[in-house]
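Structural features, examined
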Amino acid sequence: MNLPDRGPAQVRIGVAIAVPEPFGSRLQEARASLGDPLAHAIPPHITVIGPTVVDESVLDAVVEHLEKVASETAPFRVHLRGAGTFRPISPVVFVALAEGIAECEQLETAARSGVLAQELRFNYHPHVTVAHEVPEADLDRAFVEMADFDGVFEVDRLWQYEHGDDGVWRPQRSFRLAGEHPAP
């Protein structure tokens, strides 16, 4: 995993949509069974803001920003279905979104502004990683085994995670999505 360097008085955070049960456990078990060494360090999620280093002194501003973004974002439905890959660009196999893509994109754009404004290495593509930087045969197996994955859930909150010194991503706080759905 490509993580930005962190200095003294800084914290490495990420912002994501947690994948709820029963799907979270199924995806984490699949990732572990594929030999992904990060299976138990990274909870199943849809990334909104990837690993980002911020000064501890701006954490309150980050929280305020995410509270505002969440308050203006309506809850939405995600349908995870089937497998995809970023190969040959990146050695990743993921579960794809069949529904909720536009909402995730809008959420990412809103979150990646203000105090969290940053340039992206790759275009934003919402997904749930199930195999990353494992041997090609395991990537192939992941693609086949996850082809029939299917799960639907409501997204009602956004999470801020922190990357610990032990390499584990842990949820720190959630932000309830409280925006209104647009009138038809």
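This is a predicted model, so every value here is computed, not measured. All chains use their own residue numbering, which begins from 1 and follows the written sequence. Whole-chain, interface and lining totals are the exception, using all residues; otherwise, since this is a predicted model, local features are given only for residues with pLDDT of at least 70 and side-chain atom pairs are given and counted only at 80 or more. Based on all heavy atoms of the structure, the side-chain values leave hydrogens and waters out of the count.

**Overview of the environment of Arg 77**
Put simply, the rule reads: For helices the rule is a DSSP run of H or I covering at least 4 residues; for strands it is a run of E covering at least 2, with both sets numbered from the N terminus onward. In what follows, residue pairs with any heavy atoms lying within 4.5 Å of each other are defined as contacts. Under the rule applied, a polar contact is a pair of N or O atoms within 3.5 Å (in protein, one hydrogen donor and one hydrogen acceptor; residues adjacent in sequence only if both atoms are side-chain atoms).
You can see Arg 77 is positioned in strand 3 (residues 76–85). Separated by 78 residues in the primary sequence, Arg 77 and Val 155 place their C-alpha atoms 5.8 Å from one another. Here Arg 77 is in contact with Glu 99, Gly 100, Val 152, Phe 153 and Glu 154, once residues within four sequence places are set aside. Within the local environment of Arg 77, its side chain forms a polar contact with the side chain of Glu 99, the two groups lying 3.0 Å apart.

**Overview of the sheet that holds strand 1 (residues 10–18)**
The line we're drawing: Each pair of strands is called paired provided DSSP finds at least two bridges between the two strands. Helix axes use the C-alpha atoms of the stretch in contact, all axes being lines fitted to C-alpha atoms, and the angles between their N-to-C directions lie in the range 0 to 180 degrees.
Overall, antiparallel pairing links the four strands, which are arranged 2-1-7-8 in an open sheet. Lying at the two open borders of the sheet, with one neighbouring strand each, are strand 2 (45–55) and strand 8 (169–176). Between one strand axis and the next, the sheet turns by 25° as a mean value, whatever way the strands run. Two strands pair when backbone bridges link them, and strand 1 and strand 2 are joined in this way by eight bridges, in the antiparallel orientation. Within strand 2, the position partnered with Val 11 by the bridge is Val 54. Relative to the sheet, helix 3 (residues 101–111) contacts strand 1, strand 2 and strand 7 (157–163), its axis offset from that of strand 2 by approximately 5°.

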